[in-house]
Amino acid sequence: QVQLVESGGGLVQAGGSLRLSCTASGRTSGTNNMGWFRQAPGKEREFVAAVTRSGSSTYYADSVKGRFTISRDNAKNTVYLQMNSLKPEDTAVYYCAAANAGGWGRRYVHDYDYWGQGTQVTVSS
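Everything numeric in this text was worked out from a predicted model, so none of it was measured.

(A) Expanded view of the sheet that holds strand β1 (residues 2-7). Taken in spatial order, the four strands line up as β1-β3-β8-β7 in an open sheet, and their pairing is antiparallel. Either end of the sheet is taken by a strand with one partner, and the two such strands are β1 and β7 (68-73). Put simply, the sheet's adjacent strands are angled 15 degrees from each other on average, direction ignored.

(B) A look at the pattern of salt bridges. If you walk through the whole model with that rule in mind, you get five salt bridges. The salt bridge involving R38 is made with D90; its shortest N-O contact spans 2.9 Å. A residue pair is termed long-range when its members are at least 10 positions apart, and R38 in strand β4 (residues 34-39) and D90 in the loop between β8 (78-83) and β9 (92-98) qualify at 52 residues. When the shortest N-O distance is used, the salt bridge between D62 and K65 registers 3.1 Å. Judged by its relative accessible area of 66%, D62 is exposed. Here the residues in one salt-bridge network are R38, E46, R67 and D90, joined through shared partners.

The rules behind these values
- Residues numbered from 1 in each chain as written.
- Predicted model: local features only at pLDDT ≥ 70, side-chain atom pairs only at ≥ 80, totals over all residues.
- Heavy atoms only, no water.
- Pairing = 2+ DSSP bridges.
- Helix = DSSP H or I, 4+ residues; strand = E, 2+ residues; numbered from the N terminus.
- Axes fitted to C-alpha atoms, helices over the stretch in contact; angles between N-to-C directions.
- Salt bridge = Lys/Arg side-chain N within 4 Å of Asp/Glu carboxyl O.
- Buried < 20%, exposed > 50% of the residue type's maximum accessible area, 1.4 Å probe, protein only.

Here it is, written out as structure tokens:
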């Protein structure tokens, strides 16, 4: 099993920045892609960004492209999401996810095997 713990959420004004972190523990050697998803009240969980195991390939939802940056530090078993130019519509619970499978382009909930408990991000206008 793999455990994921997110941190770094909070309240920020529109135009501000936040950095989310997600640290993995347990049997992390079998995991490959890691990603971030978010879920706003009354909406389905949606893909935000993901990174391959090596960290060399990243991909983003169109809604965050150019504003968010995903990265990972395998030595620390940690993945980050740097969020800049935040908008009120970015308000959601953000979830970290890890997949046993690798490969570029995995952006669906069913592509991921492990999930964190989520961290709230609130952007005020």
